[in-house]
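Spelled out, the chains give:
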Amino acid sequence: MSNDTNNNFDIFVHDRTTGRTVRASVAANGAQAYSNYDSWISSDGRVVVFGSPSTALVSGDTNGVPDIFVRDWQSALPVRIETLNFAHQSVANYQWTPVPAAGTYDGNVVRVAASLVSSTTMPITTTVRLSEGACGDAIGALIHEEVVTVPALGSATVSGDWDTFGNAWNGDGTRRLYSRICTSVELHGAVVDQEIQLLKVLPRPVVLIHGFTGVPGTWDAFKTYLSGASTGDPDWQGYAVGDGQYPGMLNTGSFLNPAPLTNTIAQNALEVANYIEALRIDKNAWHVDLVGHSMGGLIARRYIHHDMPTNLPGGGPLVSHLVMLGTPNAGTCYALPFANGVLLQPAVSELTPTYVGLIFNPLNAIGTMSRSMCWRAI
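Residues numbered from 1 in each chain as written. Predicted model: local features only at pLDDT ≥ 70, side-chain atom pairs only at ≥ 80, totals over all residues. Heavy atoms only, no water.

## Concerning the sheet that holds strand E11 (residues 141-150)
Turning to step 1, where the next piece is worked out: On the basis of which strands lie adjacent, the open sheet formed by four strands has the order E11-E10-E13-E14 and antiparallel pairing. Lying at the two open borders of the sheet, with one neighbouring strand each, are E11 and strand E14 (190-199). If you compare each strand with its neighbour and ignore which way they point, the axes differ by 15 degrees on average.
Turning to step 2, where the next piece is worked out: As defined by bridge partners, strand E10 (residues 124-132) adjoins E11 across nine bridges and the pair is classed as antiparallel. Bridging from a neighbouring strand, Arg129 pairs with Glu145 of E11. (Pairing = 2+ DSSP bridges. Helix = DSSP H or I, 4+ residues; strand = E, 2+ residues; numbered from the N terminus. Axes fitted to C-alpha atoms, helices over the stretch in contact; angles between N-to-C directions.)

## Structural notes on a nonpolar patch on the surface
Turning to step 1, where the next piece is worked out: On the surface, Leu177, Tyr178 and Leu198 cluster together into a nonpolar patch covering about 330 Å² of accessible area.
Turning to step 2, where the next piece is worked out: On the secondary structure map, Leu177 appears in the loop between strand E12 (155-163) and strand E13 (179-187). (Patch = residues over 30% accessible without salt bridge, like charges linked within 9 Å, V, L, I, M, F, W, Y side chains within 5 Å. Areas by Shrake-Rupley, 256 points an atom, 1.4 Å probe, with all protein chains shown as cover. Salt bridge = Lys/Arg side-chain N within 4 Å of Asp/Glu carboxyl O.)

## Quick word on the environment of Tyr94
Turning to step 1, where the next piece is worked out: When you line up the elements, Tyr94 lands in the loop between strand E6 (79-89) and strand E7 (96-98).
Turning to step 2, where the next piece is worked out: Classification of Tyr94 as partly exposed rests on a relative accessible area of 43%.
Turning to step 3, where the next piece is worked out: As for Tyr94 and Leu312, which are separated by 218 residues in sequence, their C-alpha atoms are 10.0 Å apart.
Turning to step 4, where the next piece is worked out: Those residues in contact with Tyr94, other than ones at most four positions away along the chain, are Gln89, Trp286, Asn311 and Pro313. (Buried < 20%, exposed > 50% of the residue type's maximum accessible area, 1.4 Å probe, protein only. Contact = heavy atoms within 4.5 Å.)

Now the structure itself:
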């Protein structure tokens, strides 16, 4: 391992769970011992006993003969990690609250906070690294690194904010069940303590927007597809606007009762806004994905351009991905025979090529979006 420069036998402890290897035969101040021999470890790995003739392990070792040393990892470390906590911001009031056992949603910013305690009678300066992924000598994606001085027999807290965007899934599209968050404490160039905790990152909620003359039940099979064991993941949930779970009801017309006025695209976009806001507060999900069918894709575009909140923690748009299924982004000629009629208005008029091409598209253009806002028409 790094900083092993004494050219002598040492006592090492390897944690098969975390993959961490640390040297037990080293003094609290980082000084290296020599000619260490024999060793024993407790069943829980906390206590290591070994022999050594070195006089560098503890102060006052002046007897001139080999001694038996006991290292208790909990009490003997000069500085150690006492707790590692996770918090995320509330959508409702922006306050930091503990992440529940169920996890946090993809795209939420998580504050990782490590509390350190010192067992020495002098202030001690250490380097603390918070990372996601690998631990030990191979540091994963760095969240935060800080040099901190812990007061004598005191404590200190080091924290960093981690953007969880994309961490619900592996690179190959499979579900990532947990993210590994590692805290490493380094003293004199050597890692003296580490702690790993697992954090569950849930897939972003998928908001489903039905199309012309549609109903929320249109999406029932799609919801099953998202959460099905063979096709999706139980944590991947779909929410159809107008299903009654949250405020917001689309009115895109009905062939069974075509006479009443429908909502405009703009009015339906406001209904989508009400639904998404209530969903985000309830689930504490800062970001969502949208799927729009037919006219629902136009409604989604209107929401994104005119009604979607901006300046969220961590940056990036509230809607991370928009998938449009059969959306008439250039209008549809099928609306032309009905455009001058009185039925299914104004919805049918807003589907004509003239309206979509000359009025709607210039105000709700599809273009290059920031960070991860992805358009996809199918």
